[in-house]
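# Overview (structure and organization)
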Amino acid sequence: MARIIALFILMICFGAQPARAAQIEYPQVIHTQSEAVDQKTGGHFVLWSEREKIFYGLDQKLFPGARYVDITQVTPSVGSITLTYIEVRTVGSTTSDYLYLAGNVRFRVSGMTLKSSNFPAGGGMTPNGQ
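Here's what I pulled together on the structure shown here. All values derive from a computational prediction rather than experimental measurement. (Residues numbered from 1 in each chain as written. Predicted model: local features only at pLDDT ≥ 70, side-chain atom pairs only at ≥ 80, totals over all residues. Heavy atoms only, no water.)

## Points about the nonpolar core
In this structure, Phe 45, Leu 47, Tyr 56, Ala 66, Val 69, Ile 86 and Val 88 are the most contacted members of the largest nonpolar core, which totals 13 residues. Within the residue set of this core, elements represented by two or more residues are β2 (44–49), β3 (52–56), β4 (66–75), β5 (83–90) and β6 (97–102). Element by element, the count of residues in this core is highest for β4, at three residues. Once you skip the residues sitting within four places of it in the chain, Tyr 56 turns out to touch Gly 43, His 44, Phe 45, Phe 63, Pro 64, Ala 66, Val 88, Thr 90 and Asp 97. (Core = buried A, V, L, I, M, F, W, Y, C linked by side-chain atoms within 4.5 Å. Buried < 20%, exposed > 50% of the residue type's maximum accessible area, 1.4 Å probe, protein only. Helix = DSSP H or I, 4+ residues; strand = E, 2+ residues; numbered from the N terminus. Contact = heavy atoms within 4.5 Å.)

## Some remarks on the sheet that holds strand β7 (residues 105–110)
Taking strand neighbours across the sheet as the criterion, the three strands line up as β3-β2-β7 in an open arrangement whose pairing is antiparallel. In this open sheet, the two edge strands, each paired with only one partner strand, are β3 and β7. Strand-to-strand, the axes of this sheet are offset by a mean angle of 10 degrees, without reference to chain direction. With six bridges joining them, β2 and β7 adopt antiparallel strand pairing. By the bridge assignment for β7, Leu 47 is matched with Phe 107. (Pairing = 2+ DSSP bridges. Axes fitted to C-alpha atoms, helices over the stretch in contact; angles between N-to-C directions.)

Given below as structure tokens:
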């Protein structure tokens, strides 16, 4: 029995191949689109860029709700600054607002559902149907 266990341990030790990391291909493009759950009131979208905050839907009189938000983030090469392109369509508007930002951008979306994303499945960043 001990010989079988020793043989099994040797097979594991010598049979295991080291894992190799794959090269990341550039440009990296991340694309997500969210739609408001209620199209009449819209959803909430808050964007932070450096020291600036941009609000949609916080107060309907001052900041109309967002009907949909389309976000594309591009990293052109290793170590370069991320470029972010955002299209926001507000409730009651027939034209979109376009925001073009560089650097670190954070955002929070609420009252909206994720409609499309190019993230790999299983990470919680893809629509429920996929």
